[in-house]
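Observations on the model geometry
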Amino acid sequence: IVPLADLAAKGLSLDALDVQLVVNGEVVHSATSAAILGDPAESLAALANMLATVGEKLSAGMVVLAGAATAAVHLEAGMRVSAVVEGLGEVSLNVR
């Protein structure tokens, strides 16, 4: 978890982060976080508003996936997939 203030201190904005989807060491898609409703925070606000219409709310500690910045790719066993997000880091998995 990276606080928004930490991004700002690096001169980065949540709505303009470079995102790469890497499969087996090759960048297969690139985008910016603006692909998520213009700003991932807008996606979070939309979720909060939808939950409020049914009497629910977001709570501290909940994990929320704001959406995807890049297109999905078909995965097959043996692939190594990484998402690299500017200022946030990288997450990888091996497909079994």
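The present account deals with the structure reproduced in this document. Every residue gets a number counted from 1 within its own chain, in the order that chain's sequence is written. Reporting of local features is limited, given that this is a predicted model, to residues whose pLDDT is at least 70; pairs of side-chain atoms are given and counted only at 80 or more, and all residues count toward the totals for whole chains, interfaces and linings. Based on all heavy atoms of the structure, the side-chain values leave hydrogens and waters out of the count.

A few points about the overall build of the protein chain
Counting its secondary structure elements, the protein chain contains two helices and four strands. Labels follow the DSSP assignment, with helices taken as runs of H or I lasting at least four residues and strands as runs of E lasting at least two, numbered in each case from the N terminus. In the protein chain, the order of α-helices and β-strands from amino to carboxyl end is α-β-β-α-β-β. Once the C-alpha set of the protein chain is aligned to its principal axes, its extents read approximately 45 × 35 × 25 Å. Each residue gets one of three labels from its accessible area relative to the maximum for its type: buried under 20%, exposed over 50%, partly exposed in between, using a 1.4 Å probe on protein chains only. When burial is assessed residue by residue, the protein chain has 20% of its 96 residues classed as buried. Two residues qualify as a contact provided that any one of their heavy atoms is within 4.5 Å of a heavy atom in the partner residue. Long-range contacts, defined as pairs at least 24 residues apart, comprise 49% of the intrachain contacts of the protein chain with a sequence gap of at least 6. Accessible surface is estimated by sampling points in the Shrake-Rupley manner with a 1.4 Å probe; for residues, cover comes only from the protein chains shown. Accessible surface computed for the protein chain: about 6,600 Å², of which carbon and sulfur atoms make up 58%.

Observations regarding the side chain of S43
Residue position: S43 is located in helix 2 (residues 40–53). A relative accessible area of 12% places S43 in the buried class. Contacts of S43, omitting those with residues within four sequence positions, involve I36, L37 and A66.

Re the nonpolar core
Side chains of a nonpolar character, in soluble globular proteins, are inclined to be buried together. Listed in full, the seven residues of the largest apolar core are L7, L12, L17, V19, I36, A69 and V85. Setting aside anything within four residues of it in sequence, one finds I36 in contact with S43, A66, G67, A68 and A69. L21, V23, M79 and V95 belong to the second largest nonpolar core, which has five residues in total. We define the nonpolar core as a collection of buried residues of types Ala, Val, Leu, Ile, Met, Phe, Trp, Tyr and Cys that are connected through side-chain atoms lying within 4.5 Å of one another.

Concerning unusual backbone geometry
The backbone phi angle of N24 is positive, close to 50 degrees, even though this residue is not glycine. Residue placement: N24 occurs in the loop between strand 1 (18–23) and strand 2 (26–32). Residues other than glycine seldom take positive phi values, yet L37 does so here, at roughly 55 degrees. The residue L37 is located in the loop between strand 2 and helix 2 in this model. Residue L37 is classed as exposed on the basis of its relative accessible area, which comes to 60%.

Thoughts on the sheet that holds strand 2
Pairing is antiparallel in the open sheet, where four strands are placed in the order 2-1-3-4. The two strands at the open ends of the sheet, each matched to only one other strand, are strand 2 and strand 4 (89–94). Neighbour-to-neighbour, the strand axes of the sheet open up by a mean angle of 15 degrees, direction not taken into account. Pairing between strands is defined by DSSP: at least two bridges between them are needed. Pairing of strand 1 with strand 3 (residues 80–85) involves five bridges; the strand directions are antiparallel. Within the sheet, the bridge partner assigned to V23 lies in strand 3 and is V81. Axis geometry follows a simple rule: fit a line to the C-alpha atoms, using only the stretch in contact for helices, then measure angles between N-to-C directions, giving values from 0 to 180 degrees.

Comments concerning the pairing of strand 3
Across six bridges, the pairing between strand 3 and strand 4 is antiparallel. The residue bridging A83 from the neighbouring strand is V91, located in strand 4. Count of turn residues in the strand 3/strand 4 antiparallel hairpin: three residues, of which G87 carries a positive phi of about 80 degrees.

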